[in-house]
Amino acid sequence: MSELVACKCTNCGFVNYPKHDRCLNCRAREFEEITPSGEATLITYSEVCTLPWGIDERCRMLGIVQFENKVKAMGRLRVDKPRLGMRLKPSWEPVRVIGGEEVLGLTLRRAK
Amino acid sequence: MRKVAIIGVGMIPFGRRDEDSLVDMLSYAALNAMDDAGVGERPIDAVYVGNMGAGLFNHQSAVASALVDRLNLFPAAADTVENGPASGGSAIKNGVLAVASGHSDLVLVAGGEKMREVIGPRATDIVATMTHPQAEYIYGATLPTMAGLFTRLYMKECGVTSEHLARVAIKNHRNGLLNPYAHIHALITMEGILKSPHAVVNNPIVADPIRLYDCCPVSDGAAACLLCPAEMVGEFGKPAIVVAGFGQATDTHTLQEREDPTDLKAVRIAAQKALEMAQLKPKDIDVAELHDAFTILEIAESEHAGFFKKGAGAKALDEGQTEIGGKLPINPSGGLKARGHPLGATGVAQVVELVWQLRGEAGERQVKGAEKGFSLNFGGFGNNVVSFVLRRE
């Protein structure tokens, strides 16, 4: 970890992810690039069993998490029995093949 | 601005239409609307076509130009309008603005999509191109995924249960049975989709906690309407149904960026704008067509549009308030759930249904005495929403 880069507004401190050219909170245009820090908290999740073209899996668990430094992101959950509010440890791993290229993304496992 | 009226509407049955191309379907729906209005040989000034994905589904582009050519509407101005699943609503909005501004007098709006030309997983992937390319799509996120993520939170915070979701599906399938244009003509029961031992087979998980019968079908279809200035209505043989108000609003591309992911801000604002323009309150509406691509959305939209307080939509459903004979009938057409959801067609089909309802032409699914109707067309996962209020005058 980490290839995920979020943008912290230098005017108001709001963390924008994905990228915006004007802050979602104050519309300022100057940002400091930050990466997610610490563990993540699970906000919501879904086990998806009707996956799109190009993903040869029966089901896949996806979730939205928030990191300790306010970065919020979607990621792939590698957890057996997820529950809202649980703590997760991030890694950066292959999540999909698009156009023959392996794409890396946020992957989350149960924090010990 | 000039007041705008809808003087003709038309549809074709939604479903799997292997024999028809996208332009075939748009043309048939447009001809139905033109005949309904009785426009005869009168020139049509402009054509707007709502379509989301002809380039990907059908390897075709410039659909509005193709429709003008097919119908010999030359030299009408023609534009294809793309706003995801709200393309139809946006096409009507553009048509309304063209007439209201005085730029055009007679405007044809059509919406259509031919989704069944590709196999299911491919269709799912094409629809998923609406998600954020780096923050969502790469993970395999689909629109049902977004609905699953949203539903889990909404259930937790607003007291919605799987039974409530099933009740939306059962109601809308029952309504769809009364609509000859609906994709799905099948009654379903609580036992069959949720309570019996077979339910898990009949109604498998699509994106937990949502199941198959919480999702709209993948459909082919088209719908159309004809707009003109209200002062011209007397030249046609139809009752005056006017566009009393419209609203549109946007929200963040990703669900995760919303301060409260259960707050459908764009729905709230679009509905408010439409109602304010019409100088009406939610309680004044007699019938509503909401965008129930997923059952949770009918409940959530009914709350965010102001018909019920947040958390009270499921109770209203339990009490039968949203049935055809209820206080506020929602989706008498069967909604997206049963009528089907050919993406670009949906926003137009909602308005077509409202026109039939306000004219008293909706047959067995007629809402008695309906004079004011409301529609809500939900683009992306609530990041671009278009709403209309129609009124019989």
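Residues numbered from 1 in each chain as written. Chains lettered and ligands numbered in written order. Predicted model: local features only at pLDDT ≥ 70, side-chain atom pairs only at ≥ 80, totals over all residues.

Colleague: Hey, could you run me through the overall build of chain A in this one?
Modeller: When its secondary structure is counted, chain A shows 0 helices and 8 strands. Going from N to C terminus, chain A has its helices and strands arranged as β-β-β-β-β-β-β-β. Seen through its C-alpha atoms, chain A measures out along the principal axes to roughly 45 × 35 × 20 Å. Across the 112 residues of chain A, 35% fall into the buried class. (Helix = DSSP H or I, 4+ residues; strand = E, 2+ residues; numbered from the N terminus. Buried ≥ 20, exposed ≤ 12 C-beta atoms within 10 Å, placed from the backbone.)

Colleague: Sorry, what's going on with the overall build of chain B here?
Modeller: The number of helices and strands found in chain B is 14 helices and 11 strands. What you see for chain B is a C-alpha radius of gyration of 19 Å, in line with the 21 Å of a compact globule of 393 residues. With 393 residues in all, chain B has 63% of them scored as buried. Sequence-distant contacts in chain B: of pairs separated by 6 or more residues, those separated by 24 or more amount to 77%. (Rg over C-alpha atoms; globule rule 2.2 N^0.38 Å. Contact = placed C-beta atoms within 7 Å.)

Colleague: Help me out: how do you make sense of the nonpolar core in this one?
Modeller: Buried together is how nonpolar side chains tend to be arranged in soluble globular proteins. Counting 167 residues, the largest nonpolar core has B:Ala29, B:Cys225 and B:Val348 as the members making the most contacts within it. Sequence-distant contacts of B:Val348, that is, excluding residues within four places in its chain, are made with B:Gly50, B:Gly88, B:Ala91, B:Ile92, B:Val109, B:Ala110, B:Gly111, B:Ala223, B:Ala224 and B:Cys225. (Core = buried A, V, L, I, M, F, W, Y, C linked by C-beta atoms within 7 Å.)

Colleague: Explain the interface of chain B and chain A here, please?
Modeller: Frequently, the measure chosen for interface size is the accessible area that the parts lose on association. If you look at the interface, chain B gives 32 residues, while chain A gives 29 residues. Class assignment of the residues belonging to the side of chain B that touches chain A gives a composition of 15 nonpolar, 10 polar and 7 charged. (Nonpolar A, V, L, I, M, F, W, Y, C, P; charged D, E, K, R; others polar.)

Colleague: I would appreciate a short explanation of the sheet that holds strand E3 (residues 31–34) of chain A in the present structure.
Modeller: Backbone-to-backbone hydrogen bonds join strands into a sheet, with any given pair of strands oriented parallel or antiparallel. Residue and element names in this part refer to chain A. Read from one edge of the open sheet, 3 strands run E2-E1-E3, paired in antiparallel fashion. Two strands bound the open sheet, and with one partner strand each, they are strand E2 (15–16) and E3. With 2 bridges connecting them, strand E1 (residues 6–9) and E2 associate as antiparallel partners. Within E2, the residue paired with Cys7 across the bridge is Asn16. (Pairing = 2+ DSSP bridges.)

Colleague: Quick question: what am I supposed to make of the packing of helix H7 (residues 162–176) of chain B against helix H11 (residues 295–304) of chain B here?
Modeller: A pair of packed helices is captured by two measures, namely the crossing angle of their axes and the spacing between those axes. All names here are of chain B. Interhelical geometry of H7 versus H11 gives an angle of 95° and a closest axis separation of 8 Å. One element, H7, and the other, H11, form an angle in the roughly perpendicular class. Contact with H7, carried on its side by His164, Leu165, Val168 and Ala169, involves Thr295, Ile296, Glu298 and Ile299 of H11 and no other residues of that element. Residue composition of the contact of H7 with H11, grouped by class: 5 nonpolar, 2 polar and 1 charged. (Axes fitted to C-alpha atoms, helices over the stretch in contact; angles between N-to-C directions. Parallel < 35°, antiparallel > 145°, perpendicular 65-115°, else oblique.)

Colleague: Looking at this structure, how should I read the environment of B:Val386?
Modeller: Residue and element names in this part refer to chain B. One can find Val386 in strand E11 (residues 384–392). With 137 residues separating them along the chain, Val386 and Ala249 place their C-alpha atoms 6.9 Å apart. Look past the residues within four positions of Val386 in its chain and what remains in contact with it is Ala86, Gly89, Ser90, Lys93, Gln248, Ala270, Gly347 and Asn377.

Colleague: It is not clear to me how helix H4 (residues 87–100) of chain B should be interpreted in this structure. Could you clarify?
Modeller: Within an α-helix, residues lying three or four positions from one another point in the same direction, as the helix has 3.6 residues per turn. Residues and elements named next belong to chain B. Taking 1.5 Å as the rise per residue, H4 with 14 residues should run 20 Å; its terminal C-alpha atoms sit 20 Å apart, in good agreement. Among the 14 residues that make up H4, 11 are buried, leaving the element largely enclosed by the rest of the structure. Listing the buried residues of H4 in full gives Ser87, Gly88, Gly89, Ser90, Ala91, Ile92, Lys93, Gly95, Val96, Ala98 and Val99. Positive backbone phi, at 90°, marks Gly102, one or two positions downstream of H4. (Expected span 1.5 Å × (residues − 1).)

Colleague: Sorry if this is basic, but what is going on with the confidence of the model for chain B here?
Modeller: Atomic detail in the predicted coordinates should be set aside for any region of low pLDDT. Taken as a whole, chain B shows an average pLDDT of 97; of its residues, 100% reach a score of 70 or greater. With pTM at 0.98, the complex prediction returns an ipTM value of 0.97. (pLDDT = per-residue confidence, 0-100.)

Colleague: Any chance you could explain the pairing of strand E4 (residues 107–114) of chain B here in plain terms?
Modeller: Put simply, side chains in a regular strand alternate between the two faces of the sheet. All names here are of chain B. With 8 of its 8 residues buried, E4 lies for the most part within the structure. Of the two faces of E4, the one carrying Val107, Val109, Gly111 and Glu113 and the one carrying Leu108, Ala110, Gly112 and Lys114 are both buried. Where strand E2 (residues 46–50) meets E4, 5 bridges bridge the pair, whose relative direction is parallel. For Tyr48, the partnering residue across the bridge sits in E4 and is Val109. Bridging between E4 and strand E7 (residues 220–229) involves 8 bridges; their strand directions are antiparallel. Counted as the bridge partner of Ala110 is Ala224 from E7.

Colleague: Just checking my understanding: could you explain the pairing of strand E7 (residues 87–98) of chain A for this structure?
Modeller: Residues and elements named next belong to chain A. The pairing of strand E4 (residues 40–48) with E7 spans 2 bridges and is antiparallel. From the neighbouring strand, Ala40 faces E7, where its bridge partner is Leu88. The pairing of E7 with strand E8 (residues 101–110) spans 10 bridges and is classified as antiparallel. When the sheet's bridge partners are listed, Val97 is paired in E8 with Glu102. Linking two consecutive strands that pair antiparallel, namely E7 and E8, is a turn of 2 residues; a positive phi of about 60° is found at Gly99 within it.

Colleague: Hey, could you run me through helix H3 (residues 63–71) of chain B in this one?
Modeller: Those residues of H3(B) not exposed but buried are B:Val63, B:Ala64, B:Ala66, B:Leu67 and B:Val68. In this fold, the buried residues of H3(B) make contact with helix H1 (22–37), E2, helix H2 (54–57), strand E3 (77–81) and E4 of chain B.

Colleague: Please explain the sheet that holds strand E8 (residues 241–250) of chain B as it appears in this structure.
Modeller: All names here are of chain B. Strand order in the open sheet formed by 9 strands is E3-E2-E4-E7-E1-E8-E11-E10-E9, with mixed pairing between adjacent strands. Each edge of the open sheet carries a strand with a single partner, namely E3 and strand E9 (287–289). Across the sheet, the mean angle from the axis of one strand to that of its neighbour is 25°, orientation sign disregarded. Relative to E7, strand E1 (residues 4–11) is paired through 7 bridges, and the arrangement is antiparallel. Looking at the pairing, Val9 lines up with Cys225 of E7. On the sheet, H3 packs against E2, E3 and E4 and is oriented at approximately 130° with respect to E2.

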